[in-house]
Amino acid sequence: MFRATFRVAIDVMPSTKFKPPTPAGHTTIPYTRHHAADPNEEDIIDEALNLFRANCLFRNFEIKGHADRVLIYLILFISECLGKLSKSPTPGEAVKQLSTLAVSNFAIPGDATFPLNAMYSPPRDRSQQDQLRQYIQQLRNEMAIRLVDRVYVDGKPSKWWMCFQKRKFMGLSL
């Protein structure tokens, strides 16, 4: 009896948003739609939403650029959001829950509870820390709004998104 074994090498999909406008800590801040010249251009949040379902299956992520660090953070935040959405039967309730989650207290690089401290260096001073916190807050708010638009189809959560709610990307959570 002949048995063939095939191994397929699949790599994680890195970010393509390498336009670094301002440095903050060990990362540079990729543009969002608010900062882009063309508001219809795909930004880092759209990219995270598009790559989430493929990338969340991986336990390792090779960082090829600064935007990959932001992409990792956003994938972890999407995972956290999907966990909250399991209890939200309507899009209106989902927006409320995710908006509350987005503005809740969160750790930034350099804080003891930040799960990605090995990938980020802490901000050098207080102004850089405030700038990074403000940027992450903006990312979380935008992601909360856009995620509800993607997940809820015809007023119900899509099973193709909700099946990823218990997945832990890289074995981490925010």
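Criteria and cut-off values
Residues numbered from 1 in each chain as written. Predicted model: local features only at pLDDT ≥ 70, side-chain atom pairs only at ≥ 80, totals over all residues. Heavy atoms only, no water. Helix = DSSP H or I, 4+ residues; strand = E, 2+ residues; numbered from the N terminus. Buried < 20%, exposed > 50% of the residue type's maximum accessible area, 1.4 Å probe, protein only. Contact = heavy atoms within 4.5 Å. Salt bridge = Lys/Arg side-chain N within 4 Å of Asp/Glu carboxyl O. Phe/Tyr/Trp six-rings, centres within 6.5 Å; stacked < 30°, edge-to-face > 60°. pLDDT = per-residue confidence, 0-100.

Caption draft 1: Representation of the overall build of the protein chain within the structure. A count of helices and strands for the protein chain gives 5 helices and 4 strands. Taken from N to C terminus, the helices and strands of the protein chain fall in the order β-β-α-α-α-α-β-β-α. Counting over 174 residues, the protein chain shows a buried share of 44%. The contacts in the protein chain between residues at least 6 apart in sequence include a share of 73% that link residues at least 24 apart.

Caption draft 2: Fine view of the pattern of salt bridges. Inspection of every chain in the model, using the stated rule, returns 5 salt bridges. Between Asp 43 and Arg 146 there is a salt bridge, with its nearest N and O atoms 2.8 Å apart. Here Asp 43 is found in the loop between β2 (27-28) and α1 (44-55), whereas its partner Arg 146 is found in helix α4 (residues 126-151), with 103 residues between them in sequence. Considered together, Asp 43 and Arg 146 belong to a single accessibility category, that of buried residues. For Arg 146, the salt bridge goes to Asp 46, with nearest N and O atoms at 3.1 Å. With Arg 146 in helix α4 and Asp 46 in helix α1, the pair connects residues that are 100 residues apart, well separated along the chain.

Caption draft 3: Structural detail: the packing of aromatic side chains. Enumeration according to the criterion identifies 3 aromatic pairs in this entry. Relative to Phe 114, the ring of Tyr 73 has its centre 6.2 Å away and its plane inclined at 20°; by these criteria the two rings are stacked. Of this pair, Tyr 73 sits in helix α2 (residues 66-85) while Phe 114 sits in the loop between α3 (91-103) and α4, and the two are 41 residues apart along the sequence. The pair formed by Tyr 73 and Phe 114 is uniform in burial state, with each residue classed as buried. Ring geometry for Phe 114 versus Tyr 120: centroids 5.4 Å apart, planes at 80°, classification edge-to-face. Both residues of the pair, Phe 114 and Tyr 120, belong to the buried class.

Caption draft 4: Seen up close, the confidence of the model for the protein chain. Per-chain confidence: the protein chain averages 76 in pLDDT, with 73% of residues scoring 70 or above. Scored below 50 in pLDDT, residues 1-11 shows 2 contacts in the model against residues more than four places distant or in partner chains.

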